[in-house]
Amino acid sequence: MAEAADFQGTSPSPARRWLRRSGALLAGAPLLAGLLQLPLSAPAEAVQKASAARATGSGTVDVSLDSLTPSVPTDGDTVTVSGSVTNKGKQKITDAHVGLRVGPSLNSRSAIDTAARRTSFQPGLDAPEVGGKYVAKFSELAAGVSQRFSISVPVKELDLGDDGVYQLAVSLTGRTAAQQWDQVLGIERTFLPWQPEAADSKTRTTYLWPLISTVHLTAETGSDEQQTRVFKNDELAKELSPGGRLDQMLSLGSGLDVTWVLDPDLLASVDAMRDSYRIQGPDGTTTAGKNQAVARAWLDKLEKTVQDKKVVALPFADPDLASLAHNGKDVTGSLSHLKEATDVAASTVDTILHVKPSTEFAWPADGAVDPSIVKVATSAGADTVIARSDSMRETGGLSYTPSAARPIGGGTTAVVADARLSTQFQGDMTKAANSTLAIQEFLAQSLMINLQEDEQRSIVVAPQRMPSASQAQTMAQALKALQEGNWSESQGLTAAAKAKPDPAATTKVPSASAYPSSLRKQELPRSAFERIQATQTKLDNFQVILTDKSRVATPFGRAIDRGMSTSWRGRPAEAATFRVGVEAYLNNLTGLVRLIDKSDAKLSGRSATIPVTVQNNLVQGVDNLVLRLTSKKPNRLKIGNGPYYEQPIKVAGEHSQSVKFTTSAEANGPVMVVAQLYTADGQAYGPEVTFEVKVTEFTPTVMLVIGGGVLLLVLAGFRMYTQRKRAATRQAEEAQDGPEDEAVNKDADGTVDTEDTEDSAKGPERESEAESGADDPEHPSDPTPDTAPESADPSGTGERVDR
């Protein structure tokens, strides 16, 4: 970042300080001149060694600056500095005291950086102690021991001059057994912003306050009407609970003038917790969630907080723009997901919070941009990209920090956030010392920006996406002090983007080779986008057959968006597991609409019907399906009038439907038959079902032989009938020649044979009919009805089909 007068020096000091120092310099000049002409004497060498010892011994004691109030003092204030000192050496320290040192004001942002990096005491660079009663004394500090201190000093005793940023050091001076003279054994530096009166021109500062979290919702929903949502775990409830990260972000931000940056996925996830929700266990089972009240309270508070405030909505689930640009844009359909995520962002925020957000902003990870990222970021409708100054670096040698807005061509604006201010709170803010130093350096850098130029400028601060609770607390303290100060005024992000650009500021987007390798290593790989697209293709095919597409399109569409979230950076294994889980659950749902497996069948006759059953275990009905039955040997078995036949399918939710196909046999032998479901647009749906049909048809030759056999049987019966009739006639004629009253004939042995002429005549005919009935062909379908339309059971072994 360019800045004003980027060299060492001091700003004008107060008159009394200038006179005092000038007098001392003039008085000592002759003495100094004489000393320079003489060789070093023993005492001089001792002094030199002592000075070196004082410089090198400043790491013996760790000085921790835990509190500085007020952060931005004004006339009449009393500055209180509190902290602790710890003896890290092996010798005890005696005659010790902690004192304050106020150095000259700094004149550039890089001078602040240099001062912040210094860790040791350096005579000549570090100012003398304020001294007097404004010290904290310790008679003894044993090895390894820590002691607290607190020093309060009126601002007027600090000799602060013109407006500026002053070095403030806290040092411990003492003696050790090995070095029996006063020396600085430890020092800590910070900064004291001094702007007691309102600046003539205040910097317009935009601070982004992000409400973003990791992915919590799965694609799974309940079968109830409300579609109860299933969460990966209950971690979101912890963030929302009192004292949690998101609870802190909301509570702290509600008292600040900031631009709220919301991920609609977070709102949708919390909204899903309002009523009933379930939590997924390691074994895939789910249990009921119990934090509905926490979710309702957080959302209600957020809704009240953001009314009439500046609100920006990111695309749903905060997609990783850099990953899309570098690895995903060449995968068909990937960019369409970004467009969908952008389209639903505004409606999600409006529905849940009843505010209309701005959606024209794209925010790549860490504000790092290159031409491909800008192109992808604006492809979904955004016309403003939030970049950062360590990516879009100034190359024109500016002596000041320019305004954030930059036109970068094609109607696109880059809002370049200040890197120093944006990254100030990324460290461990759980330690009070770290927090205090971060606050003071943030305020110092902000004041220095305002001191660089008289012309008003617009500065944007874009912190990390998901600050921890301690980081949020530190951010809030710094921002509160800034907004109460005299050199800055708040401004919304939209206004910052529309501010007049500085004509000398860079507008060139860095090349792809300048993109940080550390960020590139965190990107989603191409394989991630390929899996996402494969899932989308399956979803598209599935939706075609549904009577209520919204029950699937919405949860799966948003789950696909979550698979591209920036929050997966640094967590590749978890990201892959999530994407696989989304696809697996979709496969499970599509598998609930399927063909029932079918066993082999037998066809005995020229024609028959073959039943095929479609089962729908979804809670909603399916339509726009076609069932096709195909014969692999149509010269042996035809389906309908050709090799295959199709019938439209419509099955109610949680029902089955049997469909009958008419077949005709052309020749004997086994035939493989394939049943396959298709969507209305011709895409195969689900696995095919294959079974064998054994054709046992009677051919014309066989029928001719059987007919000839039957004719011979008839002729034989007729011959037997005529022969018996002739025999009966002959017997009647013989009876007429004997005695008229003799009713029976007697054999030679006296036995009587009774004849029943009628029965004798009919007996052969009955016998012939019985034999004929025994030879009739059997009809297997007569005793067994067709498969019931609602039957979902597979066909039995050796099934016969109806003729």
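Look up a bit, the structure's there.
Residues numbered from 1 in each chain as written. Predicted model: local features only at pLDDT ≥ 70, side-chain atom pairs only at ≥ 80, totals over all residues. Heavy atoms only, no water.

(A) Examining the pairing of strand β11 (residues 259-262) more closely. Taking every second residue as pointing to the same face, both faces of β11 are buried, with T259 and V261 on one and W260 and L262 on the other. Examined bridge by bridge, strand β8 (residues 203-211) and β11 share 4 bridges and lie parallel to one another. If you follow L208 over to β11, its bridge partner there is T259. Where β11 lies against strand β14 (residues 310-313), 4 bridges are found, and the strand directions are parallel. By the bridge assignment, L262 is partnered in β14 with A313. (Buried < 20%, exposed > 50% of the residue type's maximum accessible area, 1.4 Å probe, protein only. Helix = DSSP H or I, 4+ residues; strand = E, 2+ residues; numbered from the N terminus. Pairing = 2+ DSSP bridges.)

(B) Structural context of the nonpolar core. In terms of nonpolar packing, the biggest core is built from 75 residues, with F542, F556, L627, L629 and V693 touching the most fellow members. The element best represented in this core is helix α18 (residues 572-590), accounting for 6 residues. The contact partners of V693, leaving out residues within four places of it in the chain, are A601, L603, I610, L637, G669, P670, V671 and V673. Counting 64 residues, the second largest nonpolar core, distinct from the first, contains L236, A237, A272 and Y277. (Core = buried A, V, L, I, M, F, W, Y, C linked by side-chain atoms within 4.5 Å. Contact = heavy atoms within 4.5 Å.)

(C) Spatial organisation of the environment of N107. Among the secondary structure elements, N107 is positioned in the loop between β3 (93-106) and α3 (109-117). On the basis of relative accessibility, which here comes to 18%, the residue N107 falls in the buried class. For N107 and M448, which are 341 residues apart along the polypeptide, the C-alpha to C-alpha distance reads 7.7 Å.

(D) Focus on the sheet that holds strand β23 (residues 607-616). Strands sit in the order β21-β23-β27-β25 across an open sheet of 4 strands; the sheet is antiparallel. Strand pairing shows two members of the sheet lacking a second neighbour, β21 (593-595) and β25 (637-639), which therefore form its edges. Taking the axes of each pair of neighbouring strands and ignoring which way they run, one obtains an average angle of 30 degrees across the sheet. Two elements, β21 and β23, share 3 bridges in a ladder whose sense is antiparallel. Each residue of the ladder has a partner; that of R594, found in β23, is Q615. (Axes fitted to C-alpha atoms, helices over the stretch in contact; angles between N-to-C directions.)

None of this, on its own, says anything about what the molecule does.
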